[in-house]
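Architecture at a glance
Chain residues, written in single-letter form:
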Amino acid sequence: MRAFFEAMFFSPKWYHYPVILLLLPFSLIYGLGMWLHRSITKRKSFGIPIVSVGNLIVGGSGKTPFVIAVASGYTDVTVISRGYGRQSRGVVEVSRQGEILVDVEQSGDEAMLMATALSHASVIVSEDRPLAIEKAMKQGAKLIILDDGFNRMEIEKFEILLEPGKIRNPFPFPAGPFREFFSQRKHADCIAKEGKEFLRQVEIADATEKMLLVTAISNPARLDSYLPKDVVGKVYLEDHAYFDLSTLQRLLKEYQASSILCTSKDRVKMEGFKLPISEMKLKLEIKNEIVTQIDEYIKGYRP
């Protein structure tokens, strides 16, 4: 069922369209509700520059590597994320100036990836983003990077909206992958389209001859164009799912693979596993125009 809806959202075939048509009335209601919510919500300024990296679609669109790329260019920066998939609640300090303070179960995979990649930044996870912003400010943050913040309408911020290169299903949830009507992109200060304003670069670390792809990300088919020919199989888990060592060992034997191939987001949940692991390391090349817009907002910010 999950695979059916992921395909319907991102690469619909003819047999998906009857379901899409059936769900369209619910999508209209959902989209109108989100439009109304955005229209009546008042935005609060926190007196600190806040850069939001978000998107309009559910699932991965490069937000995490984009946040890492932006945050790595500044000092006294705190990244704030919801911490999807974590086994904790409330405000949790994941790292402080690069020092890791919790494990991946408390932080969630994306937040831990950002914390390990940003050696001079701090990372906080919280369902309540304003509360996390206030905590970051008390700790001396001079800049906030808000991960997945486009739908946090109550916060005054510089909105960067990431868009996929191709949009095959333009409808809001549940008929399509959009969190709001596509027209709501007009609220972004900066729109970065994949393949135009930013490019993905993938490097396979510790590659082996017979790799088995095991991943727990949304829309895993998006990895296909980056996979080497040495992949002997693909195993997909639910987005943000955790891995079991014995299961991975069994899969290695079952597929007669020489290593587990995973994304960096998956890799942080395999820490301490004594297994041969190959990692798909993703970096983004962001156009100078986007970097300049961000820099001008931060340097020109006045409370």
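So, here's what we can say about the structure. As the structure is a prediction and not an experimental result, all values here were calculated from the model.

**Considerations on a nonpolar patch on the surface**
Together, Trp-35, Leu-36 and Ile-40 make up a nonpolar patch on the protein surface, roughly 330 Å² of accessible area in all. With respect to the helices and strands, Ile-40 occurs in helix H2 (residues 17-40).

**Observations regarding the sheet that holds strand S10 (residues 211-215)**
Backbone-to-backbone hydrogen bonds pair the strands of a sheet. The strands run either parallel or antiparallel. A sheet is described by the order of its strands in space; here five strands give the open sequence S9-S13-S12-S10-S11, paired in mixed fashion. The open sheet has two free edges, formed respectively by strand S9 (198-205) and strand S11 (231-236), since each of these has just one partner strand. Across the sheet, the axes of successive neighbouring strands diverge by a mean angle of 25 degrees, strand direction being ignored. Here strand S12 (residues 259-263) runs beside strand S13 (residues 277-286); their pairing, made up of four bridges, is parallel.

**A look at the packing of aromatic side chains**
Under the definition given, this model contains 10 aromatic pairs. Residues Phe-9 and Phe-173 carry aromatic rings whose centres are separated by 6.2 Å and whose planes lie at 65 degrees to one another, so their mutual orientation is edge-to-face. Of this pair, Phe-9 sits in helix H1 (residues 2-10) while Phe-173 sits in the loop between strand S7 (158-163) and strand S8 (190-193), placing them 164 residues apart in sequence. Taken together, a centroid distance of 5.8 Å and an interplanar angle of 90 degrees make the contact between Phe-178 and Phe-182 edge-to-face. Classification of Phe-178 by relative accessible area gives buried; the value is 2%. Here the aromatic cluster, defined as three or more aromatic residues joined through ring pairs, consists of Phe-4, Phe-5, Phe-9, Phe-10, Tyr-30 and Phe-173. Directly above the ring of Phe-150 sits Arg-38, whose terminal nitrogen or CZ lies 4.5 Å from the centroid. The positively charged end of Lys-269 is found above the aromatic ring belonging to Tyr-242, 5.5 Å away from the centroid.

**Points about the packing of H1 against H2**
Orientation of H1 relative to H2, taken along the N-to-C sense of each, is 80 degrees, at an axis distance of 11 Å. Classed by the angle they form, the pair H1 and H2 counts as roughly perpendicular. Facing H1, whose interface residues are Phe-4, Phe-5 and Met-8, H2 presents Val-19, Ile-20 and Leu-23. Among the residues making up the contact of H1 with H2, the classes are represented as six nonpolar, no polar and no charged.

**As for the pattern of salt bridges**
Enumeration according to the criterion identifies 19 salt bridges in this entry. With its nearest N and O atoms 2.7 Å apart, the salt bridge here joins Arg-38 to Glu-180. Highlighted residues: Arg-38 in helix H2 and Glu-180 in the loop between S7 and S8, separated in sequence by 142 residues. Each member of the pair Arg-38 and Glu-180 is classed as buried. Residue Arg-96 is joined to Glu-93 by a salt bridge in which the shortest nitrogen-to-oxygen separation is 2.6 Å. One network of salt bridges, in which partners are shared, links Arg-43, Glu-156, Lys-157 and Glu-159.

**Here we look at the sheet that holds strand S2 (residues 77-81)**
Taken in spatial order, the eight strands line up as S4-S3-S5-S2-S6-S1-S7-S8 in an open sheet, and their pairing is mixed. Two strands bound the open sheet, and with one partner strand each, they are strand S4 (99-100) and S8. Across two bridges, the pairing between strand S3 (residues 92-96) and S4 is antiparallel. Bridging across to S4, Ser-95 finds its partner in Ile-100.

**Quick look at unusual backbone geometry**
Of the consecutive residues Phe-173 and Pro-174, the connecting peptide bond is found in the cis state with omega at 10 degrees. Positive phi, close to 60 degrees, is recorded for Asp-206, a residue that is not glycine. Within the secondary structure, Asp-206 sits in the loop between S9 and S10.

**Brief notes about the environment of Gln-201**
Here Gln-201 lies in strand S9. Each C-alpha atom, one on Gln-201 and one on Pro-65, is 11 Å from the other, the two residues being 136 residues apart in sequence. Not counting residues within four places of it along the chain, the set of residues in contact with Gln-201 comprises Lys-281, Leu-282, Lys-283 and Glu-285. At 3.0 Å, the side chain of Gln-201 and the side chain of Glu-285 are in polar contact.

**Here we look at the side chain of Gln-184**
One can find Gln-184 in the loop between S7 and S8. With relative accessibility at 2%, the residue Gln-184 sits in the buried group. Excluding residues within four positions of it along the chain, Gln-184 makes contact with Trp-35, Arg-38 and Phe-150.

Rules used throughout
- Residues numbered from 1 in each chain as written.
- Predicted model: local features only at pLDDT ≥ 70, side-chain atom pairs only at ≥ 80, totals over all residues.
- Heavy atoms only, no water.
- Patch = residues over 30% accessible without salt bridge, like charges linked within 9 Å, V, L, I, M, F, W, Y side chains within 5 Å.
- Areas by Shrake-Rupley, 256 points an atom, 1.4 Å probe, with all protein chains shown as cover.
- Salt bridge = Lys/Arg side-chain N within 4 Å of Asp/Glu carboxyl O.
- Helix = DSSP H or I, 4+ residues; strand = E, 2+ residues; numbered from the N terminus.
- Pairing = 2+ DSSP bridges.
- Axes fitted to C-alpha atoms, helices over the stretch in contact; angles between N-to-C directions.
- Phe/Tyr/Trp six-rings, centres within 6.5 Å; stacked < 30°, edge-to-face > 60°.
- Buried < 20%, exposed > 50% of the residue type's maximum accessible area, 1.4 Å probe, protein only.
- Lys NZ or Arg CZ within 6 Å of the ring centre and 35° of its normal.
- Parallel < 35°, antiparallel > 145°, perpendicular 65-115°, else oblique.
- Contact = heavy atoms within 4.5 Å.
- Nonpolar A, V, L, I, M, F, W, Y, C, P; charged D, E, K, R; others polar.
- Polar contact = N/O pair within 3.5 Å; in protein donor to acceptor, adjacent residues only side chain to side chain.

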